[in-house]
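Listed below, chain by chain, are the residues.
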Amino acid sequence: MIQKLTIAQSIAQAVNWKAHCADCIYLSGGTEVNRLGSEDHQEGISIGRLNMDEIRMEGSMLAIGATVTFTEALESDLVPMGLKQALRHMDSMTKRNMATIGGNIAAKRDDSYIIPALVAMDAKLSVMDLDRSQSQMSLWDYVSDPYSSRLLIIDILLDPKARIASRRISRTAQSHASITMSISLDPALACAAIKGTGIVRLEGVEKAIAKGLGGKDLERIGSEEPCQVVDDIHASAAYKRYLLGILAADLAGGLR
Amino acid sequence: MIINCTINSKPRSFEVEAQQTLRSMLVLDGHFCVRDSDDCEGFAGSDTVLIDGVPVYANLVLAGEVDGCEIVTPDGLSDKRQLTIVQQAMIDAGIVQSAYNSPAAALLLTWLLNRVSNPTREQIKEALSGIFIRDAGYENYYLAVKLAVEKIATGHYQTQIAPAFRDELRYVGKTMGKVDGPQLVMGERAFVEDRLQEGCCTLKMLRSPYASAYIRSIDTTEAEKVEGVVKIITAFNCPDVYYMSAGQGNPEPSPHDRRLFNYKVRHVGDRVAGVVAETAEAADEAIRLIKVEYEVLKPVFTVEEAMAPGAPAVQGGKAVYLSGQPEGLDKYNEGSDPREGQIVYPFPLHSDSKHNVASSAHGAIGDVKKGFEEADMVIERTYQTSQVQCTPLETHICYSVIDNGRLTLHASTQVPWHLRRIVANVCQIPENKVHVIKERVGGGYGSKQDILVEDACAYATWITGRPVLYHNTRAEEFFANSTRHPMRVTVKMGARKDGRITAIQMDVRANTGPYGNHCLTVPMNACSKTLPLFKVDNMKFDVTTYYTNIPPTGAYQGYGAPKGSYGLMMCMAELASKLGVDYLDMALKNCVTEGYMLEILKGLGEGREGNVVPVGSCGLKEAILKGAQMIEWGKAPVNALGPDWKIGKGFAMIQQGSGLPGLDHSTALAKMATDGTIIVQSGGADIGTGLDTISVKVTSEVLCIDPEFVTVISGDTDSAPFDTGAYASSGTFFSGNASLIAAQNLKEKILAEAALQMEEDKDDLLLEYPGQVVSSRTGKTLLYKDLIHTACSGTGRGQLIAQGSFATKASAVPYGAHFAQVAVNVRTGEIRLQKFYAIQDAGTPINPELALCQMYGAALKSIGHSLYESMILDEKGVCINASFTDYGVPMIAEMPEDFKAVLLDVNDAYGPFGAKSISEIATNGAAPAIGVAIANATGVWIKTWPFTAEKVLRGMGRF
Ligand SMILES: Cc1cc2nc3c(=O)[nH]c(=O)nc-3n(C[C@H](O)[C@H](O)[C@H](O)COP(=O)(O)OP(=O)(O)OC[C@H]3O[C@@H](n4cnc5c(N)ncnc54)[C@H](O)[C@@H]3O)c2cc1C
Ligand code: FES
C-alpha cells in the first residue's frame, strides 16, 4: 500500500517527483499497487492524467500509451489479435477496466499476462529516465534491467503485423498461471513467464524454431531450457518443464 | 486533500486522506453496500462501482484519484426503494440468495444492459467475470438478464422462470420471489456490518505462529499501555469453561475440548490473545507488543502421522464424561499435563485422545466376509480428499452490545439458539441474559454452524460493557475457521459378473484438526448419506476421526457425504469397468427403491442407535434415467475439439437427509395482527436459502391470504421460539413444517373464533382467499380484519396466536443423480467441464426458482473442490494459499459449458406440502461424476481430489 498520493499533471512533473523520492512509485491502474499483499511505499505518483492513454500509429509502428487499460486495448481496432489474445488472459473484466499496459509491464510478475506476448512481438518501450531524458529500449532490455522501476514507461511500440501465439496455463481462469508462453516464428522469438522463476527468454526454443524444428524436437528442447524451475502451490517443477515443451511445440505448430 | 465528484448524480465534496480508498470514502458517506470480502485482493468484486460509466473495484482506487469523476454505487440504482427492472429480474430468477454480492451484480448487469440491449451469453459472462458468486452459481444470472431484456422490450416476461408444481396449490411450488429479495438486492442495511454504531470497539486476535506449542507466559504490559486498548484476554484470565464450537443439538455429539483461550496452541492461527481496543490500529499495535513465550512441540498433520505409534497427542488433556463414563478412566487420565486442559464428553464418542482418536463408529449388516466370497470380483481402493474452505463472501462476523443489562449479539449464524446456549455457557450467565439477532447471512454453507467469533466477541462485551465488533479477515477464514475435513476413504466392493453388488466395506479416516467439533457427525455422513443408496445385504463401515494440527475443520455443505460419495461411486464405476458391465446398469441394479428396508441405518445414528425405516418417496431411479437420457449415456460423444482432446462421461447417484429425525426440533408462532395480516415468528434461520419465503408461502397457502400480508420474523431468540437451526438440510423439512403447523393451528383458532362471531357451526366454516371466513351453509363471510378487530376490541377473546412444533422420527430423504461430461486435453492435462446435469428429487420444491439456484450453487461449489480447491499447508502447518487467487475458487469462467438443474416431481409424505431438502445433496455428485468421466476419457482413475491437469498427466505416464 502507499502512504501518500500525489497526482501528477505532466510527465515532467511525475518524473521530477520520482527523481526526488527514492521510495516513490508511479501509480497507474492501481490493481497491483493497491491490492492485498502489495509492498508498502511512501508515496504514489498518480500518472492517470498525463494523456498517455492514446493508441495510435506512428509510421509503421503501433504506439500504445502506457496508461491504456486492457479494456481500451481490447476495444481498439489497431491492436493486433496476437496481443489481444494475451490481454484476455486477464479474465476479470472489472480488472481489465483498471489495469494498464504500462502497469503490467512494470510489475514484471512471474505470471505476467502480456510480457511474453510483447517480447514475442519484439516490442519497444518509449521511456523517460529520472533525468528526464527520453529514449527507446527493447522491452526485453527493460525486463532484464533490475533498476528499470526508475523509468516511466510512456509508450509501448510494436509492429502491428507481428504474428504471435500465446497460451496461459492456470488451474482456474483467475488463479496464478504456472506458465504463460508466447511465440513468434519470424523473427523466432519465444518467451515464458514461469511461476516461481520469472520471465524467461526461451533461447533453445528460439534457435530450434529458427531451424524450422517442431513437434517432438521442440517438446524436448522446450522442456530442457536451462532455466531453474521450481515447485509451487499449483504445479510441480516437473509439470512446468513438461509444459514448456508441449506449449512451445503446440504454439509453433499452430502458427505454422 | 479535497475532492469533488458526483455520487449517484449528486455533487459531493470530501476531504480525504492520501491513502484512503474510494470504498472507504463511499462507506463513510453511507454507501455501505460497497463492501470488501477479500481484504482488498481485487478478486471478489463486492466493491464494484462505476467511475465515469466504467465498472471498477473501489478498494483498488484511491479516493484522491476520483476528483471530477462521476461515481455510481449499487444503492444508487433504485430510487425511493422502487426496484429496477434488473433488480426485480434478479429476484425473480432466484439468484438473490445470501446475496452479499447481489447489489454489485445488479450494478454490473444494469451497466451491461445500458450498453447492449440484448446481450449474448458471452457478453454476460464477460460482465460478471470479475465478481465472485458462491451461493447461486452463475447459471440463472443468464436467465435474469433474459427476463430483464424481455421486460424492457415488451413490459412482461415471456420465458418461464421455473417449472410449477402442485396445480392445486396457489403459492407452494410456484415462483414468487424471495421475501427478503428487495432488501438484499437494493443494498439496504441487512448484514451484521450494517448494524455497527459509531465508536464501537474492535476485537482482534494474536494468533499462534506454531502448529503445536504450550504457552509458557504472555506479557501484555506494554500492549496494555497502548492508547485505546480496553482489555486483553488470554488463557490466563479467560473463564475456565470447556465447550466446543459446533452448533449442534444438546447434548452435543462433539467433545468439549477448548476454552476461549487455551494454554496449548494446536494449529497455526490458534487464538493466543484477544485485544479489545477502541480502534483497529490500537488493537494491531497492542498485538505487536504482546510478548509470548512458547514451548514448541512436534505437530502432526495427517491421519497417518496422527495414527503412528508414539505420535504426540494433540489433545492430551484429562477426559471427563458427563454421562456414560467408561471404566478405568482414572488410569487413562494418569499423567495428563494440566496445560493440555480437559476433554469433556457429553456422552462417549468411542474416542482415545491419547492416541489422537477423537471419535469412532462402526457398524455392519449381513456378513461382509461371505459377501466378498460370493463376488466374482472384489476391488479395494483408497481415496483422499483435501481440506476445502467454505469461502462465504461475508466472512465470519459478530457485533455485540450490552442492552438493558443483557448481552445482545448481532450474528451471522445458522444456529441462533445453539449460539445463545454456548455463549451463555462461556460467559457463565443464564440464557435469558443473551439475545441473539440473526441478521441476513452473507453465505454460510455450514461454516456458520460453528461458533467461531461470537464466543470471544460476546465475552469481550460482557466483561468490558463495550460494543465490540469481531470480523474475520479473509486470510483468517482459511487458517482459523472451519473447513471440510480431509478424509481418507477406503472402499472395498465385491460384485457378481452381472453387476450385482454382494458386499461393500468402507473405512473412513477423517482428519478433524485441532478440535473435535463435528468429529463424529461429519465423518459419519460419509457413510450414512451414501450406503443407504445401495440395496446390498452385506455392508460394513468403520469411521475413525483423528486429531491433528491442521487448521480447524467443521461443517461444510454435504458434511462427509461428498467424500463418501466420491469413494463409493468411483469404486463402483471402476468395478463395473473391470467386470465389463455398464456402470449405469450396475447403479440401476443396486440402487434402493421406495419401500426397501434400510437396515444399515441402525448403526448410523449420530451417537446413538439409528432409526431403521423403509425408503420413503424416492426419485433415485428416475433421476438416473433422466440424466442418462439428457447426457446420451452410452452414445459416443461428438468431439469437436480435435485429437488432443478426449471426451468422457460419468455420473453419481446421491442422497442426503432432511434434518435429523429424532434430534432436530423446530417451533414457530403465527399470530394475527389487528388488521387481519399475519406475523409468523419462526425459529428457523434463513441463511439466504429462502426459508422465510417458505414460511410465508405455507402460511399463505393454509390461511388463504396473499403473501404480501404475511411477515416472517425469524432467527431472533427473543422474538421467535426455539429451533435447532439451519444445518443438516433441516430448514424446509423442520422449520417449514413448524410454520405449517403453526398456520394450521391458527386456522383452527380463526375458525373457532369465527364460529362464535358468526354464530355458525365451526364445521360449516372454511377459509377463503383473500383472507376471509365463509360459511358453506349460509354463504356468510367474515373478513379477517373484522374478525380480529372484534376479537381484540375489549369484549372479545383477544389476539389469535398459535404455536407449531415439529419433531419427528420420519425421514424425508432427497435423492438425485449428477451427470458430467468432460473433455481432457491429453497433452496439457486441462479439463473442460462440457456438461453438468443435476437431477434431483426434492419432493415438492416450494420455491422452485430458488431451489434450482441452490442446486446450481451447490453443484458449482462441489465442482470447485473436485477440480480446483485445496488448502495447502507448508511443513510448519501454515496455510500458504490463504487468498482467493492462491486458493482458486470457481468463478463464471469455470462454469460447466452446459449446466442444467432439473427438479423431479416427487411428493413426500412427511415434508410440508410434500417438500424435502434441496441444497446439501447437490454437493455430493460432482467429484465422482467428474472423476468417472475423466476415467472414461483417459482411463485414469484419480484417487485424490482436486483432479488437476497434472494428476491426469501423471496418471497417463506423461512425465
Ligand atoms: C486478484 C489479482 C490478480 C492478479 N493476477 C495477475 C497475474 O496473474 N498476472 C499479472 O501480470 N498481473 C496480475 N495482477 C496484477 C495487475 O492487475 C496487473 O499486473 C496490471 O496490469 C497492473 O497494471 P496497473 O495499471 O493496475 O498497475 P499499477 O498497480 O498501477 O502499477 C503496477 C506497477 O507498475 C508501475 N507502473 C505503472 N505504470 C507505470 C508506467 N507507466 N511506467 C513505469 N512504471 C509504471 C507501478 O509503479 C507499479 O510498480 C493481479 C492483480 C489482482 C488484483
Ligand atoms: S477488493 Fe474487491 S471485494 Fe475486496
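Cut-offs applied
- Residues numbered from 1 in each chain as written.
- Chains lettered and ligands numbered in written order.
- Predicted model: local features only at pLDDT ≥ 70, side-chain atom pairs only at ≥ 80, totals over all residues.
- Heavy atoms only, no water.
- Near = heavy atom within 4 Å.
- Polar contact = N/O pair within 3.5 Å; in protein donor to acceptor, adjacent residues only side chain to side chain.
- Buried < 20%, exposed > 50% of the residue type's maximum accessible area, 1.4 Å probe, protein only.
- Helix = DSSP H or I, 4+ residues; strand = E, 2+ residues; numbered from the N terminus.
- Contact = heavy atoms within 4.5 Å.
- Buried area = accessible area lost by both parts, 1.4 Å probe.
- Salt bridge = Lys/Arg side-chain N within 4 Å of Asp/Glu carboxyl O.
- Disulfide = S-S within 2.5 Å.
- 1 Å grid on protein atoms, 1.4 Å probe; cavity = no way out; pocket = protein on both sides within 12 Å on 5 of 7 lines; lining within 4 Å.
- Points joined across faces, edges and corners; volume = space filled by probe spheres on them.
- Nonpolar A, V, L, I, M, F, W, Y, C, P; charged D, E, K, R; others polar.
- Pairing = 2+ DSSP bridges.
- Axes fitted to C-alpha atoms, helices over the stretch in contact; angles between N-to-C directions.
- pLDDT = per-residue confidence, 0-100.
- Parallel < 35°, antiparallel > 145°, perpendicular 65-115°, else oblique.
- Left-handed = near helix turned anticlockwise from the far one by under 90°.

**A short note on the site of ligand 1**
Moving on, step 1. Lining the immediate surroundings of ligand 1 are 33 residues, of which A:Tyr26, A:Ser28, A:Gly29, A:Thr31 and A:Thr100 lie closest.
Moving on, step 2. At the site occupied by ligand 1, the surrounding residues belong to chains A and B.
Moving on, step 3. The contact in question runs from an oxygen atom of ligand 1 to an N or O atom on the side chain of A:Thr31, over 2.6 Å.
Moving on, step 4. Between ligand 1 and the protein, one listed contact pairs an oxygen atom with a backbone N or O atom of A:Gly103 at 3.5 Å.

**What about helix H2 (residues 85-93) of chain B?**
Residues and elements named next belong to chain B.
Moving on, step 1. Burial of H2 is extensive: 7 of the 9 residues sit out of reach of the surface.
Moving on, step 2. Where H2 is concerned, the buried positions are Val86, Gln87, Ala89, Met90, Ile91, Asp92 and Ala93.
Moving on, step 3. Packing partners of the buried residues in H2 comprise helix H3 (102-115), helix H5 (139-154), helix H6 (181-185) and helix H22 (848-867).
Moving on, step 4. Phi turns positive one or two residues past the end of H2, at glycine 94, with a value near 90°.

**Brief notes about the interface of chain B and chain A**
Moving on, step 1. Residue-level contacts link 57 residues of chain B with 46 residues of chain A.
Moving on, step 2. When the buried area of chain B at its contact with chain A is split by residue, B:Leu60, B:Glu65 and B:Arg827 rank highest and sum to 16% of it.
Moving on, step 3. Our enumeration of links across chain B and chain A arrives at 5 salt bridges.
Moving on, step 4. Between A:Glu219 and B:Arg827 there is a salt bridge, with its nearest N and O atoms 2.9 Å apart.

**Some remarks on the environment of B:Val489**
Residues and elements named next belong to chain B.
Moving on, step 1. Considering the arrangement of structural elements, one finds valine 489 in strand S22 (residues 487-495).
Moving on, step 2. The class for valine 489 is buried, based on a relative accessible area of 1%.
Moving on, step 3. In the structure, valine 489 is positioned 79 residues away from leucine 568 in sequence and 8.6 Å away in space, judged by C-alpha atoms.
Moving on, step 4. Apart from residues no more than four positions distant in its own chain, valine 489 is found in contact with Arg381, Thr382, Tyr383, Met506, Asp507, Val508, Lys563 and Gly567.

**What to know about the state of the cysteines**
Moving on, step 1. Inspection of the entire model under this criterion finds 1 disulfide over all chains.
Moving on, step 2. Each sulfur of the disulfide joining A:Cys21 and A:Cys24 lies 2.1 Å from the other. A torsion of 90° about the S-S bond marks the disulfide between A:Cys21 and A:Cys24 as right-handed.
Moving on, step 3. A:Cys24 sits in the buried class, given a relative accessible area of 1%.
Moving on, step 4. No disulfide involves B:Cys571; its nearest neighbouring cysteine sulfur is the one of B:Cys527, lying 13 Å away.

**Brief notes about empty space enclosed by the protein**
All names here are of chain B.
Moving on, step 1. Throughout the structure, instances matching the rule amount to 6 cavities of 30 Å³ or more.
Moving on, step 2. Approximately 560 Å³ is the volume attributed to the largest cavity.
Moving on, step 3. As for the largest cavity, its lining consists of 40 residues, and the residues nearest its centre are Ile687, Thr689, Gln854, Ile918 and Ser919.
Moving on, step 4. For the lining of the largest cavity, the elements supplying multiple residues, two or more each, are helix H19 (691-703), helix H20 (731-758) and H22.
Moving on, step 5. Among the elements that take part in the lining of the largest cavity, H22 stands out by supplying 4 residues, more than any other.
Moving on, step 6. When grouped by side-chain class, the residues that make up the lining of the largest cavity number 16 nonpolar, 20 polar and 4 charged.
Moving on, step 7. Here the second largest cavity is characterised by a volume of approximately 150 Å³.
Moving on, step 8. Along the lines of polarity and charge, the residues of the lining of the second largest cavity split into 8 nonpolar, 5 polar and 5 charged.

**Quick notes on the sheet that holds strand S4 (residues 54-57) of chain B**
Residue and element names in this part refer to chain B.
Moving on, step 1. The 5 strands are arranged S2-S1-S5-S3-S4 in an open sheet whose pairing can be described as mixed. In this open sheet, the two edge strands, each paired with only one partner strand, are strand S2 (10-15) and S4. Averaged over neighbouring strand pairs, the angle between their axes works out to 40° when direction is ignored.
Moving on, step 2. Where strand S3 (residues 48-51) lies against strand S5 (residues 70-72), 2 bridges are found, and the strand directions are antiparallel. Each bridged residue has a counterpart across the sheet, and for isoleucine 51 the counterpart in S5 is isoleucine 71.
Moving on, step 3. Contacts from H3 reach S3, S4 and S5 within the one sheet, and its direction differs from that of S3 by about 40°.

**Considerations on the sheet that holds strand S35 (residues 898-903) of chain B**
Residue and element names in this part refer to chain B.
Moving on, step 1. Strand order in the open sheet formed by 4 strands is S25-S33-S34-S35, with mixed pairing between adjacent strands. Single-partner strands in this sheet number two, and they are strand S25 (645-655) and S35. Strand-to-strand twist across the sheet, computed as the mean angle between neighbouring axes with direction ignored, equals 10°.
Moving on, step 2. With 10 bridges connecting them, strand S33 (residues 815-825) and strand S34 (residues 831-841) associate as antiparallel partners. Bridge pairing in S34 links phenylalanine 819 to tyrosine 837.
Moving on, step 3. The sheet strands contacting H22 are S34 and S35, and the helix crosses S35 at an angle near 130°.
Moving on, step 4. Against the sheet, helix H24 (residues 926-938) touches S25, S33 and S34, its axis set at about 150° to S25.

**Quick look at unusual backbone geometry**
Moving on, step 1. Of note, the bond from A:Asp186 into A:Pro187 is cis; its omega dihedral lies within 30 degrees of zero at 5°.
Moving on, step 2. Mapped onto the elements, A:Pro187 comes out in the loop between strand S10 (177-184) and strand S11 (189-194).
Moving on, step 3. Residue B:Tyr769 is joined to B:Pro770 through a cis peptide bond whose omega torsion reads 0°.
Moving on, step 4. Among the structural elements, B:Pro770 can be located in the loop between strand S29 (765-768) and strand S30 (772-775).
Moving on, step 5. Look at A:Arg132: it is not a glycine, yet its phi comes out positive at around 70°.
Moving on, step 6. Considering the arrangement of structural elements, one finds A:Arg132 in the loop between strand S6 (124-128) and strand S7 (134-138).

**What about the confidence of the model for chain B?**
Moving on, step 1. Of all residues in chain B, 100% attain a pLDDT of 70 or more, and the chain-wide mean is 96.
Moving on, step 2. Two numbers describe this predicted complex: its pTM, 0.97, and its ipTM, 0.98.

**Thoughts on the packing of H19(B) against H20(B)**
Residues and elements named next belong to chain B.
Moving on, step 1. It is the contact of H19 with H20, at a shortest axis distance of 9 Å, that shows an interaxial angle of 30°. On the basis of the axis angle, H19 is roughly parallel to H20. For the pair H19 and H20, the sense of crossing is right-handed. Counting all contacts with H19, which are made through Leu691, Ile694, Ser695, Val698, Thr699, Val702 and Leu703, the residues of H20 involved are Gly731, Thr732, Ser735, Gly736, Ser739, Leu740, Ala743, Gln744, Leu746, Lys747 and Ile750.
Moving on, step 2. When its residues are assigned to classes, the contact of H19 with H20 shows 9 nonpolar, 8 polar and 1 charged.

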